[in-house]
Amino acid sequence: MNLQNQIDLTNVPQHIAIIMDGNGRWAKKQGQERLYGHSFGVDSVRAALTACKNIGVKYTTMYAFSTENWSRPQDEVEGLMNLLVYTIANEVNELNAQNVKLLSIGNTIGLPEDCQNELYNAIESTKNNTGIHLVIALNYSSRWEITEAVKELAEQVKNGSLNLSDLTPELISQTLSTRNIPDPELLIRTSGEHRLSNFLLWQAAYSEFHFTSVLWPDFREDDLYKAVLDYQSRERRFGMVSEQL
Ligand code: IPE
Ligand code: IPE
Ligand code: MG
């Protein structure tokens, strides 16, 4: 039974957000260090991206490093940053070959300089691509992002360029780092955890959640298709009742 063929291509989410979780537990199961799991997680990113592309998803946001992840042991943080630098540098040709446009959200200026350089290079190099947008959330947290937006808007009110009465949910959306990116209709978290961990709190207001026990390094195309099929089985009511839809 081919899962991809079961997907209704007229009802595919425009934007799928993914909390990639379970690398450490996956490595432990193999009797390996946590970083071993992180490096295998890169194959899963490729698989998820390919699956999204295959069914016509326009945006996928992947949570790669949270502001809270700095609290991990120093060798893990360093290993993750090195992996990021290496992976971004290594994948940029492939991203271009696949017409992928890379974007990032999060406090990127807080990343090590080599990581920033590779990231900005890759974003610049893929900026004219017209296919799927791959948004990586790096040194990201929703509360950080919302706080930054509040500061920016407060400053505008203070200097008189914004009236308080013009402060709307739409304006707040347009002030977040996800401005111009539609809200995710579907949010996936792997590894059996059921929480947002400070990810897209504002943008996920009406997202459908799909939780799977699959550990991120095991995640493949079919797992993405399963999530989309689950999404397609939901009735999205947006506060209304069934009969109104
Ligand atoms: C997700 O896997 C990757 C990052 C948070 C960077 P984890 O490293 O959180 O793996 P577990 O949850 O400990 O298994
Ligand atoms: C969330 O995963 C962050 C990323 C996937 C990058 P964590 O594994 O860090 O989340 P918690 O701490 O268990 O909630
Ligand atoms: Mg985790």
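Residues numbered from 1 in each chain as written. Chains lettered and ligands numbered in written order. Predicted model: local features only at pLDDT ≥ 70, side-chain atom pairs only at ≥ 80, totals over all residues. Heavy atoms only, no water.

Novice: Could you give an account of the packing of helix α3 (residues 74–97) against helix α4 (residues 113–125), naming the residues involved and the relevant values?
Specialist: Look at α3 against α4: their axes get within 9 Å of each other, and the N-to-C directions meet at 15 degrees. As far as their axial angle goes, α4 and α3 are roughly parallel. When the axes of α3 and α4 are compared, the crossing they make is left-handed. Counted together, M81, L84, V85, I88, A89, V92 and N96 of α3 and D114, C115, E118, L119, A122 and S125 of α4 form the full contact between these two elements. A class-by-class count of the residues in the contact of α3 with α4 yields nine nonpolar, two polar and two charged. (Axes fitted to C-alpha atoms, helices over the stretch in contact; angles between N-to-C directions. Helix = DSSP H or I, 4+ residues; strand = E, 2+ residues; numbered from the N terminus. Parallel < 35°, antiparallel > 145°, perpendicular 65-115°, else oblique. Left-handed = near helix turned anticlockwise from the far one by under 90°. Contact = heavy atoms within 4.5 Å. Nonpolar A, V, L, I, M, F, W, Y, C, P; charged D, E, K, R; others polar.)

Novice: How would you summarise the site of ligand 2 if you had to cite specific residues and measurements?
Specialist: In the vicinity of ligand 2, the residues found are I19, M20, D21, Y63, A64, F65, S66, N69, R72, R189, R195 and S197. Surface burial for ligand 2 is 77%, taken as the share of its 390 Å² of free accessible area covered by protein chains. For ligand 2, the cavity whose grid points lie within 2 Å of the majority of its atoms is the largest pocket. Here the shell around ligand 2 gets four residues from one element, more than from any other, and that element is strand β2 (residues 59–66). The residue makeup of the shell around ligand 2, split by class, is five nonpolar, three polar and four charged. (Near = heavy atom within 4 Å. Areas by Shrake-Rupley, 256 points an atom, 1.4 Å probe, with all protein chains shown as cover. 1 Å grid on protein atoms, 1.4 Å probe; cavity = no way out; pocket = protein on both sides within 12 Å on 5 of 7 lines; lining within 4 Å. Sits in = over half its atoms within 2 Å of the grid points.)

Novice: Explain the site of ligand 1 to me, using residue names and the numbers behind them.
Specialist: By nearness alone, every residue bordering ligand 1 is listed as M20, D21, G22, N23, G24, R25, R34, H38, A64, N69, R72 and L80. Note that an oxygen atom of ligand 1 is positioned 3.3 Å from one of the backbone N or O atoms of G22. In this structure, an oxygen atom belonging to ligand 1 sits 2.9 Å away from a main-chain N or O atom of G24. Protein contact buries 86% of the 380 Å² of open area that ligand 1 shows by itself. Taking a 2 Å distance to the grid points as the criterion, the majority of the atoms of ligand 1 fall inside the largest pocket. Counting residues per element, the shell around ligand 1 draws most heavily on helix α1 (residues 23–29), which supplies three residues. In the shell around ligand 1, the residues fall into three nonpolar, five polar and four charged. (Polar contact = N/O pair within 3.5 Å; in protein donor to acceptor, adjacent residues only side chain to side chain.)

Novice: Tell me about the packing of aromatic side chains, and please be specific about residues and values.
Specialist: Scanning the entire structure with this criterion turns up ten aromatic pairs. For the ring pair Y63 and Y140, a centre distance of 5.9 Å and an interplane angle of 80 degrees mean the geometry is edge-to-face. With a gap of 77 residues between them, Y63 in strand β2 and Y140 in strand β4 (residues 133–140) connect regions that are remote in the sequence. When sorted by exposure, Y63 lands in the same class as Y140, which is buried. Ring centres of Y206 and F238 lie 5.0 Å apart, and the angle between their planes is 45 degrees; on these two criteria the pair is classed as tilted. Here F238 lies in the segment after α7 (221–232) and Y206 lies in the loop between β5 (186–189) and β6 (208–211), a separation of 32 residues in the sequence. Among the residues examined, Y206 registers a relative accessible area of 49% and is labelled partly exposed. (Phe/Tyr/Trp six-rings, centres within 6.5 Å; stacked < 30°, edge-to-face > 60°. Buried < 20%, exposed > 50% of the residue type's maximum accessible area, 1.4 Å probe, protein only.)

Novice: Any details on the pattern of salt bridges? Residues and values, ideally.
Specialist: Using the criterion set out here, one finds 14 salt bridges in the structure. The salt bridge involving R234 is made with D230; its shortest N-O contact spans 2.8 Å. On the accessibility criterion, D230 (23% relative accessible area) is partly exposed. E235 is the salt-bridge partner of R237, the closest N and O atoms lying 2.7 Å from each other. For R237, a relative accessible area of 39% corresponds to the partly exposed category. E235 sits in the partly exposed class, given a relative accessible area of 38%. Look at the salt bridges and you will find they share partners, linking D21, R25, R189, E193 and R195 into a network. (Salt bridge = Lys/Arg side-chain N within 4 Å of Asp/Glu carboxyl O.)

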